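The chain contents come next:
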Amino acid sequence: MSQPNDPEVTLDPADWQAFRRDAHQMLDAAINKMETAREGRVWTPLPDAKKDDYRAPLPAHGTGSDDIVEQLTDLLPYGVGNTHPRFFGWVHGSGTPSNILADMTAAAMNANLGGRDHGAIYVEQQVIAWAREIVGFPADCGGLLVSGTSIATIIALKAARDQACDYTSRQTGPAAGLIGYTSAQTHSCVAQAFDVLGLGRDALRQVPVNAAFEMDLDVLREMIADDRAAGLSPFVIIGTAGAVNVGAIDDLDQIADIAATEDMWFHIDGAFGAMAILSERMRPSLKGMERAHSLAFDFHKWLHVNYDAGMVLVRSEAAHRKAFSARPDYLQSAARGLAGGDFWPTDYGPELSRGFRALKVWTQIVSQGTDKLGAVITQNCAQASYLADLVDKTKDLERLAPVSMNICCFRYAPAGMTDAALDRLNDDIVVGLQEAGIAAPSTTKINGQLAIRVNITNHRTQLSDLDILVKAVGEIGAKLVP
Ligand SMILES: *Cc1c(COP(=O)(O)O)cnc(C)c1O
């Protein structure tokens, strides 16, 4: 039992001077990590002994901040490697040091962006306004900062689903027979969204692609007609601006025409590709993006905002809000006071409490500016073309797909080996590169053949890094060939 004279408990430090010293030390360690991002290994797995550090008993008594600084600093080397110039796997952004400042500020404010009238809300509105300006959406569209394109896709497709059901779906679940269409190259998050939204994965038709890996629009038209003839209800077409495997961009303008003719919702997965609109070189390929009903994309990929930050934009703010708003009495807005403000983010997505992701995005855009962010994207595309040329003129390397943006897929293919043996060999080469810490590409299948997939969404990559990669592929490959 606590007595009236006992000091009351707080979680604040007892010694602020000591905390200040520890925090400065941690900040220096964080800056050192960023300053030396070009050096050393790409991926360094966590050693077994250190894994045990994270299997410790639940502490009843805390250690204070001294020990914490040491433990946090110890963890810094063991990232996935995406801050390194030779990280080429999947589609990861490489981050910037200025995000450290934004995250520090956000942590100090500890803002909850579900709604209400406070500074952070205006920052998020600013970021949404800039995002819609970048992609050419109307000034009165709806938008929300989210963790990434996966959740952005769920939110956008819920708006599409609910509009198609005249919002009865919010009460009684989706009507039967709703069908969506996307290309066979589309990211798995779209099928996942169909699952989550109760439409079922089977309701998502996979439209085959042409030689450039873009959705075959003649087949799309036929599939829609067949489904209508069968009494089903086609309601959404999902185009891709930058598909994961090879970076293909669907013909967005033509898909917008088809969606208009068919009276369907047009959604775009632009996870990394949408931001390529900031690049003079890529902008023409994205024509039609501004016509979509909704767009999902990430700031943590090609704008290098540190994880995580993505966005959903919905052309019709009303459709966006009507799919999510559901505020009970204890969350009502007021005309004045802290519960005021017109923009309550909780009206535009499934979350109530939300952190201050917007500040990282705001800081990135303000400190770098869109010209420079676009120039880095152009540079990455030129680097992918350089790599393609290098592959084409290097003995035993074979390119497996055209380079339409920032992704180059190839394999090490000495004469006389079967496809199955080449698949195993190239898989081993990629693992070898990763384990040696030299580079971190990933793998994919292109027309059934296993490819070394090099994705460049990295503002630290230089041409010399691609030379190192190609040389290492040849060396590791030669060692592995029996
Ligand atoms: C990365 C990616 C996604 C998923 O985005 P997250 O931010 O990881 O949720 C979806 N589509 C494409 C094309 C992607 O590259």
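Residues numbered from 1 in each chain as written. Predicted model: local features only at pLDDT ≥ 70, side-chain atom pairs only at ≥ 80, totals over all residues. Heavy atoms only, no water.

(A) Broad picture of the overall build of the protein chain. Along the protein chain, the regular secondary structure elements total 15 helices and 11 strands. Each principal axis of the C-alpha distribution contributes one length, and for the protein chain these read about 85 × 60 × 45 Å. When each of the 482 residues of the protein chain is scored for burial, the buried share is 49%. Long-range contacts, defined as pairs at least 24 residues apart, comprise 74% of the intrachain contacts of the protein chain with a sequence gap of at least 6. Of the accessible surface of the protein chain, which amounts to about 22700 Å², a share of 52% is contributed by carbon and sulfur atoms. Across the protein chain, the 42 positively charged side chains and the 59 negatively charged ones have centroids separated by 2 Å. (Helix = DSSP H or I, 4+ residues; strand = E, 2+ residues; numbered from the N terminus. Buried < 20%, exposed > 50% of the residue type's maximum accessible area, 1.4 Å probe, protein only. Contact = heavy atoms within 4.5 Å. Areas by Shrake-Rupley, 256 points an atom, 1.4 Å probe, with all protein chains shown as cover. Lys, Arg positive; Asp, Glu negative; His and termini not counted. Charge placed at Lys NZ, Arg CZ, Asp CG, Glu CD.)

(B) Here's a closer look at the site of the ligand. Near the ligand lie 14 residues; those nearest to it are Ser150, Asp269, Asp298, His300 and Lys301. A distance of 3.0 Å separates an oxygen atom of the ligand from a polar backbone atom of Thr149. In the environment of the ligand, a nitrogen atom lies 2.6 Å from a nitrogen or oxygen atom belonging to the side chain of Asp269. Notes on the ligand: free accessible area 380 Å², of which the protein chains cover 85%. Among the residues making up the shell around the ligand, the classes are represented as 5 nonpolar, 6 polar and 3 charged. (Near = heavy atom within 4 Å. Polar contact = N/O pair within 3.5 Å; in protein donor to acceptor, adjacent residues only side chain to side chain. Nonpolar A, V, L, I, M, F, W, Y, C, P; charged D, E, K, R; others polar.)

(C) Fine view of the sheet that holds strand β10 (residues 442–446). Strand order in the open sheet formed by 4 strands is β8-β9-β11-β10, and the pairing between neighbours is antiparallel. Whereas interior strands pair on both sides, the edge strands pair on one side only; in this sheet they are β8 (397–399) and β10. Neighbouring strand axes in the sheet, compared pairwise and without regard to direction, differ in orientation by 45 degrees on average. In the sheet, β8 pairs with strand β9 (residues 407–412) via 3 bridges, with the strands oriented antiparallel. (Pairing = 2+ DSSP bridges. Axes fitted to C-alpha atoms, helices over the stretch in contact; angles between N-to-C directions.)

(D) View of helix α12 (residues 357–368). Over its 12 residues, α12 runs 17 Å from end to end, which matches the ideal 16 Å to within 8%, given 1.5 Å per residue. The elements touched by buried residues of α12 are α4 (98–109), α5 (119–135), β1 (142–146) and α13 (370–392). In the segment just after α12, Gly369 is the residue with positive phi, at about 80 degrees. (Expected span 1.5 Å × (residues − 1).)

(E) Inspection of the packing of α13 against helix α15 (residues 463–480) at higher detail. Running from N to C, α13 and α15 point in directions that differ by 35 degrees, and their axes come no closer than 10 Å. With respect to the hand of their crossing, α13 and α15 are arranged in right-handed fashion. Residues Gln383, Tyr386, Leu387 and Leu390 of α13 pack against Leu463, Leu466, Asp467, Leu469 and Val470 of α15. For the contact of α13 with α15, a count of residues per class yields 7 nonpolar, 1 polar and 1 charged. (Left-handed = near helix turned anticlockwise from the far one by under 90°.)

(F) Highlighting the sheet that holds β1. Pairing in this open sheet of 7 strands is mixed, and the strands run β1-β7-β6-β5-β4-β2-β3 from one edge to the other. The strands lining the two open edges of the sheet, one partner per strand, are β1 and β3 (204–207). Sheet twist, expressed as the average angle between the axes of neighbouring strands with direction ignored, equals 20 degrees. Sheet contacts for α5: β1, β6 (294–298) and β7 (310–314); angle to β7, the most-contacted strand, approximately 70 degrees.

(G) Molecular detail of the packing of helix α1 (residues 16–35) against helix α3 (residues 65–75). For the pair α1 and α3, interaxial distance at closest approach is 10 Å and the crossing angle is 5 degrees. In terms of their interaxial angle, α1 and α3 are classed as roughly parallel. Between α1 and α3, the residues in contact are Phe19, Asp22, Gln25, Met26 and Ala29 and Ser65, Asp66, Val69, Leu72 and Thr73, respectively. (Parallel < 35°, antiparallel > 145°, perpendicular 65-115°, else oblique.)

(H) View of the side chain of Thr461. Position of Thr461 relative to the elements: it lies in the loop between β11 (449–455) and α15. Non-local contacts of Thr461, meaning those with residues more than four positions away in its chain, are made with Pro85, Phe88, Gln379, Gln383, Ile456 and Leu466.

(I) Structural view of the environment of Leu217. Residue position: Leu217 is located in helix α9 (residues 217–229). The spatial distance from the C-alpha of Leu217 to the C-alpha of Thr153 is 22 Å, given a sequence separation of 64 residues. What Leu217 contacts, discounting residues up to four positions off in sequence, is Asp251, Gln254, Ile255 and Ile258.

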